[in-house]
Amino acid sequence: MLNIVLFGPPGAGKGTQSEKLIVKYKLKHLSTGDILRAAIKNQTPLGLEAKKIIDKGELVPDEMVIGLISRELDEHKDAKGFIFDGFPRTTIQAQELDKMLTSKGLCINLMMVLEVEHNELIKRLMNRGLQSNRADDQDVSVIENRIKVYDEYTKVVADYYKAQNKYVAIHGMGSIDEIFERLCQAIKEYQ
Ligand code: AMP
């Protein structure tokens, strides 16, 4: 099993790189943002509740995303490993993830953090807003708020994995392929 947390601020390239990593390493991609957006699209009660929060750029409650991840882990028992993208975003989520994995005899192997300059994040998110219909990418104040929420509540999650010697910083500027190579190198060094 290879279980990776792909970490970094909004716009760091977690989704893009996850899509490439799952092909190369045959992993299952678990993005809480994607799962929540699917729930919004299907207008489920959870989706409707989440939408109000996501549109403001705030974090949805821990229990909500922990429940979603728990279900996914149960549904993909035969996976060769997982990439967690956008989860955990709080230390409580990280602790609960460890509990869920431990109960299945699993663990996180590696946390890779994509480091990208602030102005580049804004540029990438605005650009994505033009190309997709993600409401939270359309408004600069919501984009800024998501980065602020990351700095205030999420960044600290890295310390949780640093304490376990699982943390690797990855330079997240440059082309998609260059960044992908750096991620693959970090996985190679881990293995
Ligand atoms: P993302 O696609 O990862 O940027 O997530 C989009 C939005 O979904 C975030 O701005 C949050 O509102 C919500 N969200 C996604 N994952 C989480 C999480 N692990 N904890 C709390 N909120 C989340």
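Here, every reference points to the structure presented above.
Residue indices begin from 1 for each chain and proceed along its sequence in written order. Per-residue local features are limited, in this predicted model, to residues with pLDDT of at least 70; the limit for side-chain atom pairs, both in listing and counting, is 80 or more; totals at the level of whole chains, interfaces and linings are taken over all residues. Each side-chain value is worked out from all heavy atoms of the structure, with water and hydrogens disregarded.

1. Focus: the pairing of strand β4 (residues 110–115)
And then number 1: Partly exposed residues are those whose accessible area sits between 20% and 50% of the maximum for their type, while under 20% is buried and over 50% is exposed, using a 1.4 Å probe and protein chains only. Here a helix means four or more residues in a row that DSSP labels H or I, a strand means two or more in a row labelled E, and each is numbered from the N terminus. A large share of β4 lies buried, amounting to 5 of its 6 residues.
And then number 2: Note that strand β1 (residues 4–7) and β4 share 4 bridges and pair parallel. The residue of β4 that forms the bridge with Val5 is Met111. By definition, two strands form a pair when at least two bridges between them are found by DSSP.

2. Here we look at the nonpolar core
And then number 1: Residues enter a nonpolar core if they are buried and are Ala, Val, Leu, Ile, Met, Phe, Trp, Tyr or Cys, with the set joined through side-chain atoms within 4.5 Å. Counting 31 residues, the largest nonpolar core has Phe84, Leu97 and Tyr161 as the members making the most contacts within it.
And then number 2: Secondary structure elements with two or more residues in this core: β1, α2 (32–41), α3 (45–54), α4 (62–75), β3 (82–85), α5 (91–103), β4 and α8 (157–162).
And then number 3: A total of 6 residues in this core trace back to one element, the largest contributor, which is α4.
And then number 4: Counting residues in hydrophobic clusters, the runner-up holds 26 residues, among them Tyr25, Leu110, Leu114 and Leu183.

3. Points about the sheet that holds β4
And then number 1: Read from one edge of the open sheet, 5 strands run β2-β3-β1-β4-β5, paired in parallel fashion. Looking at strand neighbours, the two that pair on one side only are β2 (28–31) and β5 (167–171), the edges of this open sheet. Strand-to-strand twist of the sheet, defined as the mean angle between neighbouring strand axes without regard to direction, takes the value 20°.
And then number 2: Where β4 and β5 come together, 5 bridges link them in parallel fashion. Bridge assignment links Met111 to a residue of β5, and that residue is Tyr167. Axis definition: a line fitted to C-alpha atoms, limited for helices to the stretch in contact. Angles are taken between N-to-C directions and run from 0 to 180 degrees.

4. As for the packing of aromatic side chains
And then number 1: Between 30 and 60 degrees the pair is tilted, below 30 it is stacked and above 60 it is edge-to-face, where a pair is any two Phe, Tyr or Trp rings, Trp via its six-membered ring, whose centres lie within 6.5 Å. Under the defined criterion, the tally for this structure stands at 3 aromatic pairs.
And then number 2: Relative to Tyr150, the ring of Phe7 lies with its centre 5.7 Å away and its plane at 45°, an arrangement referred to as tilted. Of this pair, Phe7 sits in strand β1 while Tyr150 sits in helix α7 (residues 140–154), and the two are 143 residues apart along the sequence.
And then number 3: Given the relative accessible area of 8%, Tyr150 is considered buried.
And then number 4: Lysine and arginine charges are scored as sitting over a ring when NZ or CZ, respectively, is within 6 Å of the ring centre and within 35 degrees of the ring normal. The ring of Phe180 carries Lys20 above its face, with NZ or CZ at 4.9 Å from the centroid.
And then number 5: The ring of Tyr167 carries the charged tip of Lys162 above its face, separated from the ring centre by 4.6 Å.

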